[in-house]
Amino acid sequence: MSDDTRTIWSHCTVNCGARCPLLFHVRDGRIIWVEGASAHDGALPDGGASPAASVPQPRPCLRGRTVRRWIESPHRLRYPQRRVGARGEGRFERITWDEALDDISTRLRHTIDTYGNEAVYVAYGTGVHATTGRCFERLVNLLGGHLGRYNDYSTAQIAAAMPYTYGEADAFTASPLIEAASARLIVNFGNSPAETSMGGAGGSRDFSWVREVSGARIYQVDYRLTETCTGHPDEWLPIRPGTDAALVSAIAHELVVNDWIDQDFLDAYTIGFDDTTMPMHLRGQNLGYRDYLLGTGYDGMPKTPEWAAPITQIPAESIRRLARDVGTIRPLFVMQGWGPQRHSNGELTARAIAMLPLLTGQVGLPGTSTGSHEASSDRLIADLPSGPNPVKARISCFTWTDAVSRGTEMTAESDGVRGVDRLSTNIKFIWSYAGNCLTNQHGGINMVHDILVDESLCESIIVTDTVMTDSARYADILLPDVMRMEQTSMACQGESEWYQGVTFGQKVVDAPGECRTSYDVCAALARRFGLWQRFTRERSQEEWIAHLYEEARDRDHGLPSYEDGVAMGHYSRALPTTVALADFRRDPAAHPLSTPSGKAEIFSESLARKATAWKLPEGEVMSPLPIYDAGFEGWDRATDEYPLICAGYHDKARAHSSFGSIESLKQACPHRLWINPIDAQPRGIVSDDRVRVSSRYGTVEVLARVTRRIIPGTVGLAQGAWHEADMVGDRVDVGGCINTLTSLHPSPLAKGNGVHTNLVQVRLCKR
Ligand SMILES: Nc1nc2c(c(=O)[nH]1)N[C@H]1C(S)=C(S)[C@@H](COP(=O)(O)OP(=O)(O)OC[C@H]3O[C@@H](n4cnc5c(=O)[nH]c(N)nc54)[C@H](O)[C@@H]3O)O[C@H]1N2
Ligand SMILES: Nc1nc2c(c(=O)[nH]1)N[C@H]1C(S)=C(S)[C@@H](COP(=O)(O)OP(=O)(O)OC[C@H]3O[C@@H](n4cnc5c(=O)[nH]c(N)nc54)[C@H](O)[C@@H]3O)O[C@H]1N2
Ligand code: SF4
Ligand SMILES: [Mo]
C-alpha cells in the first residue's frame, strides 16, 4: 500500500440494527477500499468481563463493505430540487438552497398558521442512526410542535401486547442471546439472526457462539429454512405463518395434561392461569388460560396437537415431541423475532409465545429469558435532544395515511389516537428524512399513491435522501443529504451483540455537488424563523457531538476522552450477561412487575376492558388471553382467487430498501420469490422463471426460486426491493416490492403494520 493512503473511521448508518464501524482507506480524496474492525485489534480495547463476548469485533457485512458504491453512485442527489408536473411523476428542476429553504419555510409557516401544528408530521425513517440523525424535530418543536407518533414498523404488535403480560416497564425485558449459552433447550420463533443481525456487530455472532458452546437442543420455528438454521436443518420446524399461537396452545395443552407445568410458579408469579389466580370477581366463569386449553373455556375447543396440526401444518407427533422437550428440558430459553408479530394477529402471537417460559417457570433463572426478542444493550451517548413537543396528539406510525385522508375522523377508540380523544386536523405537511416509508416501506403502495397525489389532502411533502427513492418521487421539495462518511458523525452500537460501543466517525471524503447536512439545513431554516440561537445553542454539529459525548462521560467515567476516542476511531466494551427478571424471580414482593397486579398477567383485565371499549371492525380480535386467532386476511380466508399466503422477511441483500440499488449485492443475493415445488409444479414454474404475484391490492413481477426450504402453501418475498411501476399505466411492479401486495389495514390493538400477512395468487409470466 502506498504511503499516501490514509485510514479514516466512520460507520455504517443504516437500520439493520448493527451499526458497524467502517475503516475507510482513502487516497487522493477517493475511497480505495473499506474494511472492518477485526483487522485492527489495537483499536478495540478489551472490556473482558463477559465469558462470551471477550473482544467485541463488530465486523461489517457484505452491505457495509459495498458502501463505496453508494457514496459514489451516479444516482446520488446532488442539488436541491423542486417538483415540476404532477406529484409522484418524479420530474424535478434544480433550484438553489435559498429557493428551497424559502419555499420550505413558507410552506411550514402556512401549514402552522392555517391548520395548527398538529398538521405537521415527521415521517418514520430509519436510514440514519447517528447522534445527530434527527434534527427537524428539534426545529419544529421550537415552532410549536408536530403530530407525534408512537410505535415503529419493527415491533408494533409485540410492543403493544407484552406490557399486558409483563407490564409497561418490562415490556421489552429479555435476556441477551449469550445467556442462552447456559440453556439446554432453545426454542426460537421466527428469528433469524444470521440474516437480520448480520455482521460482527449483529447478534449473529452471539447466536453462532451459543450454538457452538451450549450443546443445547435448538428448535427454529419458521416458515422458511433460514440462514440461521442452514447447516443444522434438523433444527427447523416449518410452520404456516401467523399460526404460532396455535402451536403454543397445543404445546401448552400437552404441558397441562402431562403435568409438566410449574404450578407453584404459576400460583406465585402469575395471574389468570386458572381460577386460583383469577381476579376474585372473575372466578367461576371458566375465563382462565387452563380452561381455554382444555376446551372448558369460551370456545369449547380442546387445543390438542390434533387441533393444531391442520392449522400450523405441523404434524401432531412433532408437536408432542416439542412439548415433551419444553416440558422436561431445563434450562429453557424461549425467544421470538419480530417476524411472527408483524402479522394481522401479531399481538396475540407475541403474548402466546411468552406462555412457554411462564407455564414452565423458566423465567428469571440462569439460561432462561421471557419469550420476548433477545435484549439489546443500552446506548452510551444520547442523541441531539429534540426538546419537548408541545402537541399532545399522537398516532400509531402506520396510520399516517389515514391521518392524511381522514385525520379528523380518527379517535382514541377507533384508531388508537393517543394524547387527545380526536385529531383536530388532517396531516398537511410531511417531512421525510432518511426514510422510504411514504411508499416502498409502508404498505399498500397503490393506495398510498392515490392519497399522496391528491394535493388537496397533504399540501407539502419535503424529502431528504441521498439517492432517488420511490418515496422521493412524491416530494415537492427534494433535498440532497451528506452521507455520514462525508461528515463528522458519532454512532453507538445498535441492537447488536451484547456489548457497548461508540464510533467516532470523521469525514472520509467530500460530499458531491451541493449536498448539505441536515443539521445545517435545519439551522438555516431556524434562522428564517428567528430561532437560530435556540436551535443551535451556538454549537456546530461537531461541537454538539463533542458536547453530548462529554455529557455521557460525566455519567460514565470508563469512556475514553473525546480526543483519545477520535484517535482510536472505535471504542467498545464487552458486557457481562444478565438474566431477565432475576429480581422478580428472587423476590416478587420486593420487585413486582409493572402490571396492575405486579405479577405476570396471563389473563389481563385491562386488556379485557379495552377489548370491550374499543370499536373494532368485523374480523378483528382482541383478547385478554393469548389465544390463537387467524387474524384478518389470515390463511383461513384463502380463496380460489388468492389461495396462497405471501409472507415477508428481511433479507441479506438490503437493509430494507437501503443498498437496494447496488448491483453487486443484487447479483450476490438475487431478489426471488420462494415457492415450494408442491405449489410451483401445478403452475408450471421452475426456478428463475418470471412470475406474477397478485393480491387484492396489487401485482408484482419477480423471479421464482423453487425450493423445499419454504413450507407448501406459502410463498416468501423479502421486503425492501425497490418499487418500480408505471403508476399512470398498469401499476405492475417489476421491482418486486412486497408493499405493492400489502394492505393498509392496521392490527387491532397496536394499529401496527401486519404486512407479513397477505393472500396472493402466483402465475407464470409468458416465457
Ligand atoms: N412489507 C414490509 N414492509 C416493511 C417491513 C417488512 O418486514 N415488510 N419492515 C418494516 C421495518 S421493520 C422498518 S424498520 C421499515 C424501514 O423503512 P425505512 O426506515 O424507510 O428504511 P429504508 O428503506 O432503509 O429507508 C431508509 C432511507 O434512508 C436513506 N438514507 C440512508 N442514508 C442516508 C443519509 O445519510 N441521509 C439521508 N437523508 N438518507 C439516507 C436511504 O437511501 C433510504 O431511502 O420498513 C418497514 N416496512
Ligand atoms: N439483512 C437485514 N437485516 C435486518 C434488516 C434488513 O432489512 N435486512 N432490518 C432490520 C430491522 S429494522 C428489523 S425491525 C429487523 C427485523 O427482524 P425480524 O422482524 O425478526 O425479521 P423478519 O425477517 O421479518 O422475521 C424473522 C423471521 O420470522 C419469519 N417469520 C415471518 N412470519 C412468521 C410467522 O408467522 N411465524 C414464524 N414462526 N416465523 C415467521 C421469517 O421467515 C424470518 O425468518 O431486522 C433488522 N435486520
Ligand atoms: S451488519 Fe448492518 S451495520 Fe454492519 S455493515 Fe452490514 S449493513 Fe452495515
Ligand atoms: Mo425495523
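Preceding this paragraph is the structure being described.
Throughout what follows, the structure given in this document is the object of discussion.

Rules used in this analysis
- For every chain, the first residue of the written sequence is number 1, and numbering continues from 1 along that sequence.
- Think of it this way: whatever chain is written first is A, whatever ligand is written first is 1, and the rest follow in order.
- Local features are withheld for residues below a pLDDT of 70 in this predicted model, meaning they are given only at 70 or higher, and side-chain atom pairs are given and counted only at 80 or more; totals for whole chains, interfaces and linings count all residues.
- Side-chain descriptors were evaluated using all non-hydrogen atoms of the structure, hydrogens and water having been removed beforehand.
- Each residue is assigned to one of three classes by its accessible area relative to the maximum for its type, calculated with a 1.4 Å probe on protein chains only: buried under 20%, partly exposed between the two thresholds, exposed over 50%.
- Strands are runs of DSSP state E lasting at least two residues, helices are runs of H or I lasting at least four, and both sets are numbered from the N terminus onward.
- Strand pairing is defined by DSSP finding a minimum of two bridges between the two strands.
- The span one expects for a helix is its residue count, reduced by one, times 1.5 Å.
- Starting at the helix axis, one direction is taken to each C-beta atom, and the arc is that of these directions.
- Any two residues whose heavy atoms approach within 4.5 Å at even a single point are treated as in contact.
- A cutoff of 4 Å decides nearness: a residue is near a molecule or strand if any of its heavy atoms lies inside that distance of it.
- Two N or O atoms form a polar contact when they lie within 3.5 Å of each other; inside protein one atom must be a possible hydrogen donor and the other a possible acceptor, and for residues adjacent in sequence the pair counts only when both atoms belong to side chains.
- Methods summary: accessible areas were calculated by the Shrake-Rupley approach with a probe of 1.4 Å, and residue burial reflects only the protein chains presented.
- In the scheme used here, Gly and all other residues not listed as nonpolar or charged are polar, with Ala, Val, Leu, Ile, Met, Phe, Trp, Tyr, Cys and Pro taken as nonpolar and Asp, Glu, Lys and Arg as charged.
- Lining residues are defined by having an atom within 4 Å of a point belonging to a cavity or pocket. Those points lie on a 1 Å grid over the protein atoms alone, cavities being sets where a 1.4 Å probe fits but cannot get out and pockets being open sets with protein on both sides within 12 Å along at least five of seven lines.
- Assignment of a molecule to a cavity or pocket requires that more than half of its atoms lie within 2 Å of the corresponding grid points.
- In this analysis an axis means a line fitted to C-alpha atoms, helices contributing only their contacting stretch, and an angle means the value between N-to-C directions, from 0 to 180 degrees.

### Comments concerning the pairing of strand S16 (residues 477-480)
Thought 1: The alternating pattern of S16 places Ile477 and Leu479 on one face and Leu478 and Pro480 on the opposite face, and all of these are buried.
Thought 2: Pairing of strand S4 (residues 81-83) with S16 involves two bridges; the strand directions are antiparallel. By the bridge assignment for S16, Gln81 is matched with Leu478.
Thought 3: Two elements, strand S15 (residues 460-465) and S16, share four bridges in a ladder whose sense is parallel. The residue of S16 that forms the bridge with Thr464 is Leu479.

### Topic: helix H19 (residues 541-555)
Thought 1: Across its 15 residues, H19 extends 22 Å between first and last C-alpha, which sits within 8% of the 21 Å expected from 1.5 Å per residue.
Thought 2: Looking only at H19, the buried set comprises Gln541, Trp544, Ile545, Leu548, Tyr549 and Ala552. Axial view of H19: buried residues confined to an arc of 130°, hence all on one face.
Thought 3: The secondary structure elements touched by the buried residues of H19 are helix H3 (136-142), strand S17 (489-492), strand S18 (499-505), helix H17 (518-528), helix H18 (532-536) and helix H20 (562-568).

### A closer look at the site of ligand 2
Thought 1: Taken together, 34 residues lie near ligand 2, and Thr196, Asp222, Gly242, Asp244 and His656 sit nearest.
Thought 2: Contact between ligand 2 and Gly190: an oxygen atom at 3.3 Å from a main-chain N or O atom of the residue.
Thought 3: A distance of 2.9 Å separates an oxygen atom of ligand 2 from a polar side-chain atom of Arg224.
Thought 4: Protein contact buries 98% of the 900 Å² of open area that ligand 2 shows by itself.
Thought 5: Within the residue set of the shell around ligand 2, elements represented by two or more residues are helix H5 (193-196) and strand S9 (217-222).
Thought 6: When grouped by side-chain class, the residues that make up the shell around ligand 2 number 10 nonpolar, 15 polar and nine charged.

### Some thoughts on the site of ligand 3
Thought 1: The full set of residues close to ligand 3 is Cys12, Val14, Cys16, Ala18, Arg19, Cys20, Pro60, Cys61, Arg63, Gly64, Met198 and Gly199.
Thought 2: Among the detected pockets, ligand 3 sits in the largest cavity.
Thought 3: Residues belonging to the shell around ligand 3 are distributed by class as follows: eight nonpolar, two polar and two charged.

### Here we look at the sheet that holds strand S10 (residues 236-238)
Thought 1: Spatial strand order, S10-S9-S8-S12: four strands in an open sheet with parallel pairing. Lying at the two open borders of the sheet, with one neighbouring strand each, are S10 and strand S12 (332-336). With strand direction ignored, the average angle separating the axes of adjacent strands in the sheet is 15°.
Thought 2: Where strand S8 (residues 185-189) and S12 come together, five bridges link them in parallel fashion. From the neighbouring strand, Val187 faces S12, where its bridge partner is Val334.

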